[in-house]
Amino acid sequence: MSQPAPRTFCLTEHQTNDTIFRLEERKYGHRLTSEQLAQKANVSLDFVNCLENQRKVTDPRALDRLPHALGITPDLLVKIGGWIPISQSEWAMLQDCLTSSPAGKPVPPQCERIGFKGT
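All residue numbers refer to positions counted from 1 along the written sequence of the respective chain. Selection of residues for local features in this predicted model requires a pLDDT of at least 70, selection of side-chain atom pairs for listing and counting requires 80 or more, and totals for whole chains, interfaces and linings are taken over all residues. Hydrogens and water molecules were not included; the side-chain quantities draw on all heavy atoms of the structure.

**Brief notes about the overall build of the protein chain**
A count of helical and extended segments in the protein chain gives 7 helices and 2 strands. Numbering of helices and strands runs from the N terminus, with a helix taken as a DSSP run of H or I at least four residues long and a strand as a DSSP run of E at least two residues long. Starting at the N terminus, the α and β elements of the protein chain follow one another as β-α-α-α-α-α-β-α-α. The C-alpha atoms of the protein chain give 14 Å as radius of gyration, which agrees with the globular expectation for 119 residues (14 Å, within 12%). The dimensions of the protein chain, computed from C-alpha atoms along their principal axes, are 50 × 30 × 20 Å. Classification of residues uses two cut-offs on accessible area relative to the type maximum, computed with a 1.4 Å probe and protein chains only: under 20% is buried, over 50% is exposed, and between them is partly exposed. Within the span of the protein chain, comprising 119 residues, buried residues form 42% of the whole. Here, residues are in contact when the closest pair of their heavy atoms is within 4.5 Å. Pairs at least 24 apart in sequence give 57% of the contacts found in the protein chain among residues at least 6 apart. A total of about 6,800 Å² of accessible surface is found on the protein chain, and carbon and sulfur atoms cover 51% of it. Computed over 14 positive and 13 negative side-chain charges, the inter-centroid distance for the protein chain is 4 Å. Just to be clear, the radius of gyration here is over C-alpha atoms, and the globule rule we use is 2.2 Å times residues to the power 0.38. Computed with a 1.4 Å probe, the accessible areas rest on the Shrake-Rupley method; for each residue, only the protein chains presented here act as cover. Only four residue types enter the charge count: Lys and Arg as positive, Asp and Glu as negative, with His and the chain ends excluded. For the purpose of locating charges, the reference atoms are NZ of Lys, CZ of Arg, CG of Asp and CD of Glu.

Here it is as structure tokens:
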């Protein structure tokens, strides 16, 4: 007998990095290098590397600047970083928002509810 899918889960490192790339494409129209993201966020490369490798970022300024550079809230960043669980419904909505909320366009209300910010 199969087990039901968990209601919440933590993202894998692959899912984290893929989501970061897609957020960069949404906000800037292309993927950024780690160095470029660090520069856009005005944080050290170490903080970007921590995010990409799912190691917790403890500097409060970086926790504010990184999500701002990606166009999301700090609450969504910690879920994308794999530091706290994300619900199945939030993950599905995040995937939908990444395709339905292109760069330079207004953020739909359902995307704002999960943590997307306007451009």
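**Some words on the environment of Lys27**
One can find Lys27 in helix α1 (residues 13-28). For Lys27, a relative accessible area of 30% translates into the label partly exposed. Distance in space between the C-alpha atoms of Lys27 and Ser89 is 23 Å, their sequence separation being 62 residues. Residues contacting Lys27, with those up to four places away along its chain left out, are His68, Ala69, Leu70, Gly71 and Ala103. Whenever two N or O atoms come within 3.5 Å, that pair is a polar contact, provided that in protein one can donate a hydrogen and the other can accept it, and provided that, for residues adjacent in sequence, both atoms are side-chain atoms. At 2.9 Å, the side chain of Lys27 forms a polar contact with the backbone oxygen of His68.

**Thoughts on the side chain of Thr16**
Along the chain, Thr16 turns up in helix α1. A relative accessible area of 0% means that Thr16 is categorised as buried. Polar contacts involving the side chain of Thr16 include one to the main-chain carbonyl oxygen of Ile80, which spans 2.6 Å. Those residues in contact with Thr16 that sit more than four places away from it in its chain are Leu11, Leu51, Gln54, Ile80, Gly81 and Gly82.

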